[in-house]
Amino acid sequence: MVLHLVPRWSMWLFWATPGWRKTAGALGASVKQRLMNYPWGSYSPWVCRSYSSASRSPEVMLTYERYPVQRLPFSKVSEEDMATFQRIIPGRVITDPEELEACNVDWLKTVRGNGVGVGIQRNLAVNPQGGNTGMVGGSVPVFDEVILSTALMNQVISFHNVSGILVCQAGCVLEELSHYVQEHDFIMPLDLGAKGSCHIGGNVATNAGGLRFLRYGSLRGTVLGLEVVLADGTILNCLTSLRKDNTGYDLKQLFIGSEGTLGVITAVSILCPPRPKAVNVAFLGCPGFAEVLQTFTTCKAMLSEVLSAFEFMDAECMQLVRQHLHLASPVQESPFYVLIETSGSSAEHDAEKLGSFLEQVLGSGLVTDGTMATDQKKIQMLWALRERITEALSHDGYVFKYDISLPVERLYDLVTDLRTRLGSSAKHVVGYGHLGDGNLHLNVTAEAFSEALLGILEPYVYTWTAEQRGSVSAEHGVGFKKRHVLGYSKPPVAVQLMQQLKALLDPKGILNPYKTLPAQA
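About the thresholds
- Residues numbered from 1 in each chain as written.
- Predicted model: local features only at pLDDT ≥ 70, side-chain atom pairs only at ≥ 80, totals over all residues.
- Heavy atoms only, no water.
- Pairing = 2+ DSSP bridges.
- Helix = DSSP H or I, 4+ residues; strand = E, 2+ residues; numbered from the N terminus.
- Axes fitted to C-alpha atoms, helices over the stretch in contact; angles between N-to-C directions.
- Contact = heavy atoms within 4.5 Å.
- Salt bridge = Lys/Arg side-chain N within 4 Å of Asp/Glu carboxyl O.
- Buried < 20%, exposed > 50% of the residue type's maximum accessible area, 1.4 Å probe, protein only.

Visitor: Please set out the sheet that holds strand β10 (residues 278–286) residue by residue, giving values where relevant.
Guide: Either a parallel or an antiparallel arrangement is found when strands of a sheet pair, and the pairing is made through backbone hydrogen bonds. Read across the open sheet, the seven strands follow the order β13-β10-β12-β11-β15-β16-β14; overall the sheet is antiparallel. With partners counted over all chains shown, the strands left at the sheet margins are β13 (369–373) and β14 (398–405), one partner each. Adjacent strand axes in the sheet meet at a mean angle of 15°, parallel and antiparallel pairs treated alike. Bridge count for β14 against strand β16 (residues 439–446) is eight bridges, and the pairing is antiparallel. Bridging from a neighbouring strand, Ser-405 pairs with Asn-439 of β16. Together, β10, β12 (336–344) and β13 form the strand contacts of helix α11 (residues 347–363), whose direction differs from that of β10 by roughly 10°.

Visitor: Describe the pattern of salt bridges, listing the residues and the values that go with them.
Guide: A complete count under the given rule lists 13 salt bridges for this structure. Between Lys-353 and Glu-305 there is a salt bridge; the shortest N-O distance is 3.4 Å. Of the two residues, Lys-353 sits in helix α11 while Glu-305 sits in the loop between α9 (289–303) and β11 (307–314), which places them 48 residues apart along the sequence. The class of Glu-305 is partly exposed, set by a relative accessible area of 43%. One salt bridge in this structure joins Lys-427 and Glu-447, with 3.7 Å as the shortest N-O distance. Taken as a pair, Lys-427 in the loop between α14 (413–422) and β15 (428–434) and Glu-447 in the loop between β16 and α15 (451–457) lie far apart in primary sequence, 20 residues in all. The class of Lys-427 is partly exposed, set by a relative accessible area of 34%. Taking the relative accessible area as the measure of exposure, Glu-447 reaches 64% and is therefore exposed. One network of salt bridges, in which partners are shared, links Asp-191, Lys-195 and Glu-387.

Visitor: Any chance you could break down the sheet that holds strand β5 (residues 156–159) for me, citing the residues and the numbers?
Guide: The strand order across the open sheet built from five strands is β5-β6-β9-β7-β8, with neighbouring strands paired in antiparallel fashion. On the outer flanks of this sheet lie β5 and β8 (235–238), each paired with one strand and no other. On average, each strand axis in the sheet is inclined to that of its neighbour by 10°, with strand direction left out of account. Sheet topology places strand β7 (residues 223–229) next to strand β9 (residues 264–271); six bridges connect them, and they run antiparallel.

Visitor: Lay out the pairing of β11 in plain terms, naming residues and giving numbers.
Guide: Along β11, eight of the eight residues are buried, which leaves the element largely enclosed by surrounding structure. In this sheet, β12 lies alongside β11 in antiparallel orientation, the contact comprising seven bridges. Within β12, the residue paired with Asp-314 across the bridge is Phe-336. Pairing of β11 with β15, which is carried by three bridges, proceeds in the antiparallel orientation. Each bridged residue has a counterpart across the sheet, and for Glu-311 the counterpart in β15 is His-434.

Below, the structure is given as structure tokens:
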């Protein structure tokens, strides 16, 4: 798909009353619709996006069969509804079970809904969906919610070469946006392993972190404005391109990280940093986690102005990457590995600083072996060792995934603790993540899903995290899987206020039900 620059207001597919601005599905059957002037003929019929692993998956249990969740009293899609959808947008309503499978199953193959169509209508529950690359079941239906896809909202609205401000539709794929802004000598402020499939709207809706967080910070800082469709069809246009706007409440922050439960993000304004002239990557082996921490401290002191990433992984991660993906380590076998990236404006300056740093950590014994890359091909090879860990884990069996924030000095203690606690009941217990952000990706693999193993893991992992005053979700969101553990990271008053905001903006609870917030009695 090629990203095209389009006129500011020409890209909205539909309006409706109560109006929903269409992404790639059908509009309400019981409301009054009107089509906008849009060149439908230039697009092929809508197709669900997902990782290739989310193909037909009959072995994945339905979510409501695996988890204790009750369907809320929403309407069900009728034949009359579907006929109305087809009349409004012929060829863009999907009902075939095989085609819908990729939309109903998350790419980890851990949750599975039973959605029967794609679109929005009368009093039906709606499941907004972008690239369906989430880790916590937030992007797939739990029961038979109508799936609202953003796959066709994939156009750039504007880009300013001086300010670096990009305005685009929510369905733009992150990697394609990256290519687009790179042609203008800018980069996107976030980078994820799922960049080839994830949508920018989904990134914002989940407040995704990723590999550039250390340098460029959270989407709460880089997103300048949003356009959002509310539950009653109201279009909230806060799509500003201003760096500074101190007029009243910053409403966009309500929707960043809300996971489609308060409104459907349809367009994003985001600040893109200039493209670095020089990028260097070092891949290092460390003898222990204490040395990893000291290496990070030294790194911050010697490379602070050019440091853009500091990632770590343990030996079991490397073992799985080698075993399942046949990727070889470029350094000698070590208990821990560190990937450091620098990004700056002077290749000579940055290489000199990185060389001095490597001399220091190797000479002091913090690092036992290392390699450095400056050309793009080798940089990508080194990054693949870190970025493809999730893929390697998916080949190892069923994966229990935890994405937590902890004080950096305690970041790996939980991995060691769980290995002792689980013993032979798990195949692997691995830890990796964004050390610079205090973000641990804790993964436990088993031959298959096991209630007994889950009972050993939960709520132990959440209790342990809460005792360290950490967060049960660092960057993946809450979604379906973590909605009942919100209380481990938020006080009751905060949860109650969130529920009040939900009731205010979505009084019927039709937007992405069963997600983000704990069920109310």
